[in-house]
Amino acid sequence: EAQVTQNPRYLITVTGKKLTVTCSQNMNHEYMSWYRQDPGLGLRQIYYSMNVEVTDKGDVPEGYKVSRKEKRNFPLILESPSPNQTSLYFCASSHQSGTGHEQYFGPGTRLTVT
Amino acid sequence: LAKTTQPISMDSYEGQEVNITCSHNNIATNDYITWYQQFPSQGPRFIIQGYKTKVTNEVASLFIPADRKSSTLSLPRVSLSDTAVYYCLVGDRNTGRRALTFGSGTRLQVQP
């Protein structure tokens, strides 16, 4: 089954404790991206990757890191989480061709930082 | 990116056809119209995309008039499982960041 998976689905952590949210897709997509969704603010892009070893900042990259060592994986790293990073996070992927608007989203990771 | 306007919410009953209209007066020549569906605490799901006239797939139809300043997502014979938020997006071939801009969407509630 074609899908984007994220782990963990739920995470409660404390300020300053490094964490990683994994994202994996099995559709051989070149493009991958991370979003956060907050009430009243919609979806905001954090980082994106056009292909292996190619990553760039989105709209709200502060406090986050990413890497793209393999085509299928795109982990999101919070080196020192803070309470304002409490949010619902989504990973998405798509083929490089097309309009770019048909993206496949993961199930989401709900992160709480206390 | 062109701004879109959708109704905040809609109610329907099972078996009815639901039409959700999106206004995008400033749509540009190269812009496509895309609709997503999102259930609570789940990732958005691509429904349909079009440029002009009518597009139909197994899930929905998308009607776009000649002036392209609006579009209508049509869901035939809705069921309870169609209760979700529906987002209309307008943008051109975004070969760069491909950042999707989701507005407030339309919250559809289907009643039995």
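Right above here is the structure, for reference.
Residues numbered from 1 in each chain as written. Chains lettered and ligands numbered in written order. Predicted model: local features only at pLDDT ≥ 70, side-chain atom pairs only at ≥ 80, totals over all residues. Heavy atoms only, no water.

Participant: Could you give me a rundown of the pattern of salt bridges, with the residues and numbers involved?
Facilitator: Residue and element names in this part refer to chain A. If you walk through the whole model with that rule in mind, you get four salt bridges over all chains. With a shortest N-O distance of 2.9 Å, Asp38 and Arg36 are connected by a salt bridge. Residues Arg44 and Asp38 are paired through a salt bridge, measuring 2.8 Å at the closest nitrogen-oxygen approach. Taking the relative accessible area as the measure of exposure, Arg44 reaches 24% and is therefore partly exposed. Shared partners join several salt bridges into a network, and the residues in it are Lys18, Lys65 and Glu79. (Salt bridge = Lys/Arg side-chain N within 4 Å of Asp/Glu carboxyl O. Buried < 20%, exposed > 50% of the residue type's maximum accessible area, 1.4 Å probe, protein only.)

Participant: Describe in detail the packing of aromatic side chains, supporting the description with residues and values.
Facilitator: The final tally for this structure, using the stated rule, is seven aromatic pairs over all chains. Centroid distance Tyr35 of chain A to Phe105 of chain A: 5.7 Å. Interplanar angle 40°. Geometry classified as tilted. Here Tyr35 of chain A, found in strand S4 (residues 31-38), pairs with Phe105 of chain A, found in strand S10 (residues 104-105); they are 70 residues apart in sequence, far enough to count as distant. For the pair Tyr35 of chain A and Phe105 of chain A, a shared accessibility class is recorded, and that class is buried. Pairing Phe105 of chain A with Tyr36 of chain B gives two aromatic rings, centres 6.0 Å apart and planes at 90°, and the pair type is edge-to-face. (Phe/Tyr/Trp six-rings, centres within 6.5 Å; stacked < 30°, edge-to-face > 60°. Helix = DSSP H or I, 4+ residues; strand = E, 2+ residues; numbered from the N terminus.)

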